[in-house]
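Residue-level listing of the chains:
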Amino acid sequence: NAWQTYPPVTLPPADFSLSIPEQSVIGNKISKEWEILTIKALERQVQPYRVMLALDPNNTQAQMQIAVVFARNGLYAQATTELENIRTKDPVNIAALNNLGNIHYMQKDFLKARDMYLQASEVDPNNADIKVNIAMVNYKLGDATKAKVVFDQATKLDDQVPARYEQLAFLLAQ
C-alpha cells in the first residue's frame, strides 16, 4: 500500500552528461591520496618517538625508530631525512650508515648502497652483518668474486652467517 500512497520520487532527466575520467588521472589521484593517508597513519605511529625527541633532541634511538617506520612503509625520502639528521649529530653512527645503505639497496641504487655499507664497515670492521650487506651489493653489481671474498670475511667474524644468509651462501657457492 505504501507504493500507491507514496509514489517513489524520481529526478527529471539531466540535460547534460558527465564524462568518466581516464584511468591514468584517477590512478594518480588515488595514489596521491593513498600516500597522504599513509603518511598520516605513520605519523600516529611515530608520534611517541617524536615526543621522546622533543624531550631529548639527541635521542638517536627514537629518531632511528622513526626512520625505520618510514622505510618499512616505502617512504624512503622521509626515512633518509631522519637518518641524515642522525648523521649530523653523529656522523659515524653505524646504524644510520647501514640503514641508509639499506634504503639505497631497496631503491636499487647499488653503488650508493655499497658506499654507505663501506662507510659503516670502516667504523666497525668486525661487523659481520655489514660485511654481508657489502657482499650482497657486490653480487647485485655483478661481482660475485668480490662478493664471495667479503662473505667469507663475514663468516670468519661470525660462523653463523652462512646459516642466517643461506640463500646468499648458496648463490656464492656456485
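Up top you'll find the structure we're talking about.
Overview of the structure. On a predicted model such as this, the values are computed, not experimentally measured, just so you know. (Residues numbered from 1 in each chain as written. Predicted model: local features only at pLDDT ≥ 70, side-chain atom pairs only at ≥ 80, totals over all residues. Heavy atoms only, no water.)

## Details of unusual backbone geometry
Part 1 of the argument: Non-glycine residue Lys 108 carries a positive phi angle of around 65°.
Part 2 of the argument: Turning to its location among the elements, Lys 108 is positioned in the loop between helix H5 (94–106) and helix H6 (110–123). (Helix = DSSP H or I, 4+ residues; strand = E, 2+ residues; numbered from the N terminus.)

## Digging into the packing of helix H2 (residues 23–55) against helix H3 (residues 60–72)
Part 1 of the argument: H3 packs onto H2 with a crossing angle of 170° between their chain directions and a minimal axis gap of 8 Å. Of the possible angle classes, the one that applies to H2 and H3 is roughly antiparallel. The crossing of H2 and H3 is left-handed. Together, Leu 42, Glu 43, Gln 45, Val 46, Tyr 49, Arg 50, Met 52 and Leu 53 of H2 and Ala 62, Gln 63, Gln 65, Ile 66, Val 69 and Phe 70 of H3 make up the contact between the two elements.
Part 2 of the argument: When the residues that make up the contact of H2 with H3 are grouped by side-chain class, the tally is nine nonpolar, three polar and two charged. (Axes fitted to C-alpha atoms, helices over the stretch in contact; angles between N-to-C directions. Parallel < 35°, antiparallel > 145°, perpendicular 65-115°, else oblique. Left-handed = near helix turned anticlockwise from the far one by under 90°. Contact = heavy atoms within 4.5 Å. Nonpolar A, V, L, I, M, F, W, Y, C, P; charged D, E, K, R; others polar.)

## Looking at the environment of Ala 173
Part 1 of the argument: Counting through the fold element by element, Ala 173 comes out in helix H10 (residues 166–173).
Part 2 of the argument: Distance from Ala 173 to Pro 57, taken between C-alpha atoms, is 46 Å for residues 116 residues apart in sequence.

## Concerning the packing of aromatic side chains
Part 1 of the argument: Following the criterion strictly, the structure yields one aromatic pair and no others.
Part 2 of the argument: Note on Tyr 105 and Phe 110: the rings are 5.2 Å apart at their centroids and 65° apart in plane angle, and the pair reads as edge-to-face. (Phe/Tyr/Trp six-rings, centres within 6.5 Å; stacked < 30°, edge-to-face > 60°.)

## Notes on the side chain of Gln 63
Part 1 of the argument: Here Gln 63 lies in helix H3.
Part 2 of the argument: By relative accessible area, Gln 63 is classed as buried at 4%.
Part 3 of the argument: At 2.8 Å, the side chain of Gln 63 and the side chain of Lys 89 are in polar contact.
Part 4 of the argument: Dropping the residues within four chain positions of it, Gln 63 is found in contact with Leu 53, Glu 82, Asn 85, Ile 86 and Lys 89. (Buried < 20%, exposed > 50% of the residue type's maximum accessible area, 1.4 Å probe, protein only. Polar contact = N/O pair within 3.5 Å; in protein donor to acceptor, adjacent residues only side chain to side chain.)

## Some remarks on the side chain of Glu 82
Part 1 of the argument: Tracing the backbone through its elements, the reader meets Glu 82 in helix H4 (residues 76–89).
Part 2 of the argument: Exposure remark for Glu 82: the relative accessible area of 8% places this residue in the buried category.
Part 3 of the argument: Within the local environment of Glu 82, its side chain forms a polar contact with the side chain of Arg 50, the two groups lying 3.3 Å apart.
Part 4 of the argument: Apart from the residues lying within four places of it in its own chain, the contact partners of Glu 82 are Arg 50, Gln 63, Ile 66, Ala 67 and Phe 70.

None of the figures reported here should be taken as evidence of function without further support.
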